[in-house]
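Notes for the structure review
If you want the building blocks of each chain, they are given just below.
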Amino acid sequence: MNEGQPETRDFIRQIIADDLAGGRHAVIITRFPPEPNGYLHVGHAKSICLNFGVAAETGGRCYLRLDDTNPLKEDQAFVDAIIDSVRWLGFDWGGGLTHASDYFPRIHECAGDLIRAGKAYVDSLSPEQMREFRGTLTAPGRESPHRSRSVAENLDLFARMRAGEFADGEHVLRAKIDMASPNINLRDPVLYRIRRATHQRTGDAWCIYPMYDFAHTISDAIEGITHSLCTLEFEDHRPLYEWFLDNLQLPARPRQIEFSRLNLAFTITSKRRLAELIDLGLVAGWDDPRMPTIAGMRRRGYPPEALRDFVSRTGVTKKEHLIQMSLLENCVREDLNVRGARAMAVINPLKVVLTNYPEGQVEMLPAANHPDRPELGERQLPFGRELWIEQDDFMEVAPNKFFRLKPGGEVRLRYGYIIRCVDLVKDEVGRVIEVHCTYDADTRSGLAGAERKVKGTIHWVSAAHAVRAEVRLYDRLFGVARPDGAEADFKTFLNPESLRVAPHAVLEPSLATAEPGTVLQFERLGYFVADRVDHRPTRPVFNRVVTLRDSWAKLEEAAR
RNA sequence: UGGGGCGUAGCCAAGUGGUAAGGCAGCGGGUUUUGAUCCCGCCAUCCGUAGGUUCGAAUCCUACCGCCCCAGCCA
C-alpha cells in the first residue's frame, strides 16, 4: 500500500528512527485518540496517517482510542462514524480499539495515589472563583483556601464525590503543583469533575469524570505508547504530561511530540463550526460532499489513496501552514486519471440534428473505456440523427482560438464523425436552441477518412438513448482562503455556488447501471461519482468530484 | 508586560558549517480523436532583518522584527 521509504523523513520519523537505532525502544507504539463528539475531518486524516503510518513503517502498533471522558458531548453514533472513517482511509488497528473509559478504574486509582502522596486535593471553589484564583497570563495565581486540606479529608471528600454525595460543580479534584507557574497548565489543574451524565459506554457507573490531561497521560502509559503525537496547541501541556509521568507509578513513559495541524484553504476544520453548518441546515450533514470531513470527501468521490497521498505531500513539521486546495485536487486527479473509466455525459444539453443522417438509423460506435488502459475494454455507443452536445461547445460568434462548433465550422464528435454546422434554430428571444449539421460519412472513427485533422473534438450523447440524470456540481464551500479568520463570522463567507444541480443533464446509457460509489471520468468535464446514498438505476445521481484541468477556461479568464 | 512555539519561492517542503532537493501552482514548448493525460524546458545569487564567528553560514553566536498558541470543572 505504501511504496518505498521517502528520501527524507520528517522530524518525528527521524526521532523514532533514532530511538529504534539507539535501542530505546524495540517496538514503536502510537495511538490516534479522537474524541467521539463529531466526525473526523481532513485534519484528523493527517494524524491518522502519521500515527498508523509510523506504526506500520516500523512494524509497530497503533491503537484507535476513543477519548471519551466527557459524556455531555459524546455519542455512540460518532464512535461508529470514526471507526468507519479510519477503516475507509485504509488503516487497521488489529485488536487495538480502546476507550479512555476502559481505564476509568485505573485513572481513579491514580487520583487516589496522588491524594495519598499529598499531590492532589479536593477544591470547593466555584468555577468563577477558580478562574479568579488562577491569575492571568502575566500575573501569578493564588492558592485556594482548600489547598491545605489533609490527606484524610481529601480522601474522604473524593470518595464522597465518587459516591455521588455532591451536586455537579460542588467540588473538583486538583493536582497540587504551582499556582505561580508561568505555565498556566501547571497552576493546580483540575483532575476530576462531577458530572451526573450517562456515559455512552459506562452508563451511570460514574458520576465523576477525569479531565483530558490526566486521562490522556494515563491512557498512553497503560497502552505502552512510545511516542504520543499531538498537535501544537498541546505543547504547553507537555510539562503537565511529564508531571503525571513523574508522580505516578505507571507502566511506561511515553514521549509527547507535537506537530502542526493541517489547515486547508477555503475550508474550516473545527468540529464545532462544522456542526453549526449542519444544525443550521447550510449543508446536508456530516457527509455532505462539500464538507472537509472524511465521510464528506468519501461521498464526494475522493479515493482514500488520494487522501493519503495528499497528506504525505504536505509533510510533518511544526510550522503553521495553509495548504492550497490545488494540491488536494491534484492528488485526486492524479489518482482518478488512472482509476477512472471514461464515459460521456452532457451537463447543459444543446440539440444537434444531423440533417443528412438517415432518419431512424442507429449505429453502435465502439469507444475505449480508458485511453491508456486497453485492458479496461470498450463499450458500444448508440449514435443517431439527433444528439445532445454541451452548450459550451457551440458559439454563434466565436473567437479564433475557439476550436469547437461554430457556424460553418467543423468539429469531431468523439468516437464518431466529423460534422459541419450549417444552420441554427433560435427561439423568440434569439437564443440558439438547435444546431443543424451535416456529417461526413467517411470520417467515422476507424475509417480511413477519420485521419482528416480538425481542430476540436467534443463529447455528445444520442438523444434517442440519453438517460436523464441528476448531476450535482460541487465547488469550494467558502469563498475565501481563511473563512475562520477574525474579520467576520465564518458563515458570511459561504460560497453560494458550492452546490449547483444541473437540471437537464443526460448520460450515455451505460452510466445508469453504475454501482454507487463508482468514480468515472465524464470526458472533457471532470470526474464524477455515482452518489453512494442517492444513486439509483432508475434515477441516476452523480456528484462532480473535481473538474479536469482546463486550459481553455484559463485562456477565457485571461481574456476577460 | 508572563510562558511556549514558528519564520527557506505564490503554497507546501528538504537541508543538521562546504556554496539552496522535490511537489503543487505558474510560464513556454512538443505529442494527442478528452483544450485531459503524457513529455521537455523555465521558475530562490538566496534562506524574517541586522550584526558577528569562520577560508567558508540557511545551518554557529547576538540583537531585533513578525506570526501562532495558553487564563474550560472542553479535548
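Residues numbered from 1 in each chain as written. Chains lettered and ligands numbered in written order. Predicted model: local features only at pLDDT ≥ 70, side-chain atom pairs only at ≥ 80, totals over all residues. Heavy atoms only, no water.

Section: the domain arrangement of chain A
When cut into domains, chain A gives domain 1 (11–261), domain 2 (271–342 + 469–559) and domain 3 (345–459). With 22 residues of domain 2 in contact, the opposing surface of domain 3 contributes 24 residues. Of the roughly 1,900 Å² buried between domain 2 and domain 3 on both sides combined, carbon and sulfur atoms contribute 58%. Of the charged contacts in the structure, one is a salt bridge between D393 and R524, with a shortest N-O distance of 2.2 Å. At the boundary of domain 2 with domain 3, the tally comes to 12 residue pairs in polar contact (both at pLDDT 80 or more). Every element with two or more residues in the side of domain 2 that touches domain 3 is listed here: α12 (325–339), β10 (341–343), β22 (470–474) and β24 (506–507). Among the elements that make up the side of domain 2 that touches domain 3, the one with the highest residue count is α12 (three residues). Its residues placed into classes, the side of domain 2 that touches domain 3 shows 13 nonpolar, four polar and five charged. (Domains from an automatic or database assignment. Contact = heavy atoms within 4.5 Å. Buried area = accessible area lost by both parts, 1.4 Å probe. Salt bridge = Lys/Arg side-chain N within 4 Å of Asp/Glu carboxyl O. Polar contact = N/O pair within 3.5 Å; in protein donor to acceptor, adjacent residues only side chain to side chain. Helix = DSSP H or I, 4+ residues; strand = E, 2+ residues; numbered from the N terminus. Nonpolar A, V, L, I, M, F, W, Y, C, P; charged D, E, K, R; others polar.)

Let's talk about the protein's contact with RNA strand B
Every one of the 69 residues lining RNA strand B counts as a neighbour, but R195, R342, R404, S445 and R549 are closest to it. Across the atoms of RNA strand B situated within 4 Å of the protein, the share located in sugar and phosphate is 66%. Here R313 contributes a side-chain N or O atom positioned 3.0 Å from a sugar or linking oxygen of RNA strand B. Between RNA strand B and the protein, one listed contact pairs a phosphate oxygen with a side-chain N or O atom of T317 at 2.8 Å. (Near = heavy atom within 4 Å.)

A word on the nonpolar core
Core analysis: the largest hydrophobic core is formed by 41 residues, its most contacted members being I48, F52, V86, F310 and V545. Among the elements of the structure, α2 (42–58), β2 (61–66), α3 (76–89), α10 (294–300), α11 (304–314), α12, β26 (526–530) and β27 (541–547) are those that each provide at least two residues to this core. Split by domain, this core shows at least three residues from each of two domains, domain 1 (11–261) and domain 2 (271–342 + 469–559). Setting aside residues no more than four positions away along its own chain, I48 makes contact with F32, L40, G53, V86, L89, F91 and I294. (Core = buried A, V, L, I, M, F, W, Y, C linked by side-chain atoms within 4.5 Å. Buried < 20%, exposed > 50% of the residue type's maximum accessible area, 1.4 Å probe, protein only.)

Observations concerning the pattern of salt bridges
Applying the stated criterion across every chain yields a total of 48 salt bridges. A salt bridge links K351 to E386, with the nearest nitrogen and oxygen atoms 3.1 Å apart. Residue K351 is found in strand β12 (residues 349–354), and its partner E386 is found in strand β15 (residues 386–390); the two are separated by 35 residues along the sequence. A salt bridge links R373 to E375, with the nearest nitrogen and oxygen atoms 3.0 Å apart. Taking the relative accessible area as the measure of exposure, R373 reaches 23% and is therefore partly exposed. Assessed through its relative accessible area of 56%, E375 is described here as exposed. Connected through salt bridges with shared partners, the residues D287, R299, E470, R472, D531, D534 and R539 form a single ionic network.

Side note on the sheet that holds β15
By way of backbone hydrogen bonds, the strands of a sheet pair with one another, either parallel or antiparallel. Reading across from one edge, β19-β16-β17-β18-β12-β15-β20 is the order of the seven strands in this open sheet, with mixed pairing throughout. Looking at which strands have only one partner, the edges of the open sheet turn out to be β19 (457–458) and β20 (460–462). Of the strand pairs in this sheet, β12 and β15 are connected by five bridges, and their pairing is antiparallel. From the neighbouring strand, P349 faces β15, where its bridge partner is E390. (Pairing = 2+ DSSP bridges.)

Description of helix α9 (residues 271–279)
Those residues of α9 that fall on the buried side of the exposure criterion are K271, L274, E276 and L277. Buried residues along α9 sit in contact with α2. Looking at the residues trailing α9, positive phi occurs at G281, about 70°.

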